[in-house]
Amino acid sequence: MALLFADRVRVAASAAPGTGTFAVGTAVSAYQGFPAAFVVGSSCYYLIEDGTSWEVGVGTLTATAVWTRTTVLLTSAGNTTALTLTANAVLSLTPSAQFGTDLQARADSNYGRNRIRNSRFQVNQRGTSGFAGSGSYTSDGWLVSCSAGTMATTIAAASSTYNYSGSLTTTTTGLTSGANMNLLQRIESYDVMDLVGQQVTVSFTGLATTSAGSFTAAVGLYYPSAQDNFGTNTLVQSVPVTLTATATRVSVTFSTLPANIANGLQVAITLTQATSTGTTALTVAGVQLEAGSYVTALEKKPIVLELEWAQRFYCNGSGGESFYDTAAGVYYQQYFYPTPMRAAPTVVFTATSVANLASGVYTAGTALGFYVTTKATAAGLATYTYTFTATAEL
């Protein structure tokens, strides 16, 4: 749920909160209590004052009259550790300085709010099913992996269930106790280097199940050892989340990102089988990574822009040529990718039909395209058709 705001909300604690939740008591004189619009699940910036001590952050109404300090931004002690509060603590709902910083960060961004590619699983150049095994790309931009068992992944079309986002479901059969399964996206360095030194928030709709025992879930951020080279990755932070069999919108705020994320950023949604061996499934829709310490509504880019972005990393297609020539006559055909790719891609090239050709050779090209050289066997009409896939995935 996006943040709500309200004027002149200031309430006393009904019990000493300690470092935990704030039990909401009566409104302070001349102020109001929580408005009716603040139903369970509502979030807002808060200020807590306890004598000369204070704490600001983002909180959530997790139950009737129970305020959970979701993200502590700063305290009078100069850190982000929740204060030990007494029964004299007073809670106010009010934007913090971080709110203005977040707004400015988003205004300064040249990339849009959401840094996730194909966030709604609506670009599926590889298809929507038939994905088997760990370590493979599925829906464009999304990589699945597991440390045990056998994976299978499918993508479903957009639906109202997921706020008109498509969804990805990956299932691991035989996930043993302590083993994990992951849904990963690797974000190009140029799309995240401006986030160095900032907080970021990841949000998504998710649900998960296991046929035996139990599981835990977490969202993690990693950076690669070299620019856009994710062969070796280092964990920045992993934050536990709660996923159940019911689709729920989840959000996680990460602390200040280190300078190394200028190399790129990997987002991982991870399930770990905690006990027994089970068939464990994860469904995810509408993923967003944005600057700042609070979640906003899912950004919905036009599908044509999502496709263009996806084809920077992967595309497939077909081509062909038909020409008249003398025996051993040579013909060249140039193929241009739909959009310039991130780097010169790895191309898998397959001839599908050949007539009156002594040879047909694919020549590796650049990030813009490639060319094919053919040589006629005899004088007359020669034809050649082919399919290809080109990948410059991270």
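Residues numbered from 1 in each chain as written. Predicted model: local features only at pLDDT ≥ 70, side-chain atom pairs only at ≥ 80, totals over all residues. Heavy atoms only, no water.

1. Some words on the pairing of strand E5 (residues 66-75)
Within a regular strand, the side chains alternate between the two sheet faces. By the bridge criterion, two bridges tie strand E2 (residues 22-27) to E5 in an arrangement that is antiparallel. Within E5, the position partnered with Phe22 by the bridge is Trp67. Hairpin remark: strand E4 (residues 53-63) followed by E5, antiparallel, with two residues in the connecting loop; positive phi at Ala65, about 65°. (Pairing = 2+ DSSP bridges. Helix = DSSP H or I, 4+ residues; strand = E, 2+ residues; numbered from the N terminus.)

2. Looking at the packing of aromatic side chains
Tallied over the entire structure, the rule returns 15 aromatic pairs. Ring centres 4.7 Å apart and planes at 5° place the aromatic pair Phe323 and Tyr331 in the stacked group. The class of Tyr331 is partly exposed, set by a relative accessible area of 33%. Ring geometry for Tyr335 and Phe370: centres 5.4 Å apart, planes at 15°, overall stacked. With a gap of 35 residues between them, Tyr335 in strand E20 (residues 330-336) and Phe370 in strand E23 (residues 369-376) connect regions that are remote in the sequence. Counting every residue linked through ring pairs, the aromatic cluster contains Tyr335, Tyr337, Phe349, Phe370, Tyr384, Tyr386 and Phe388. Above the ring of Tyr31, the side-chain terminus of Arg10 is found at 5.7 Å from the ring centroid. The ring centre of Phe313 lies 3.5 Å from the NZ or CZ of Arg117, which sits over that ring. (Phe/Tyr/Trp six-rings, centres within 6.5 Å; stacked < 30°, edge-to-face > 60°. Buried < 20%, exposed > 50% of the residue type's maximum accessible area, 1.4 Å probe, protein only. Lys NZ or Arg CZ within 6 Å of the ring centre and 35° of its normal.)

3. Examining the sheet that holds strand E22 (residues 357-363)
The three strands lie next to each other as E20-E23-E22, forming an open sheet whose pairing is antiparallel. Because the sheet does not close on itself, it has two edges, and the strands there are E20 and E22. The sheet shows a mean angle of 15° between the axes of neighbouring strands, taken without regard to direction. In this sheet, E23 lies alongside E22 in antiparallel orientation, the contact comprising six bridges. Following the sheet pairing, Leu357 is matched in E23 by Ala376. (Axes fitted to C-alpha atoms, helices over the stretch in contact; angles between N-to-C directions.)

4. Considerations on unusual backbone geometry
The bulk of non-glycine residues show a negative phi, and the bulk of peptide bonds are trans. Even without glycine at this site, Ala30 takes up a positive phi of about 80°. Summarising the element assignment, Ala30 is placed in the loop between E2 and strand E3 (43-50). Notably, Asn118 is not glycine yet its phi reads approximately 55°, a positive angle. Note that Asn118 resides in the loop between helix H1 (97-108) and strand E7 (131-132). What makes Asn118 buried here is its relative accessible area of 1%.

5. What about the pattern of salt bridges?
Scanning all chains against the criterion turns up eight salt bridges. Linking Glu188 and Arg312 is a salt bridge whose minimum nitrogen-to-oxygen distance equals 2.7 Å. With a gap of 124 residues between them, Glu188 in the loop between strand E12 (180-187) and strand E13 (200-210) and Arg312 in the loop between helix H2 (303-310) and strand E19 (314-325) connect regions that are remote in the sequence. Residue class for Glu188 comes out buried when judged on its relative accessible area of 4%. (Salt bridge = Lys/Arg side-chain N within 4 Å of Asp/Glu carboxyl O.)

6. A closer look at H2
Within the sequence span of H2, burial applies to Glu306, Trp309 and Ala310. Burial along H2 is one-sided: seen end-on, the buried residues are contained in an arc of 100°. Residues of H2 that are buried sit in contact with E19. (Arc of directions from axis to C-beta. Contact = heavy atoms within 4.5 Å.)

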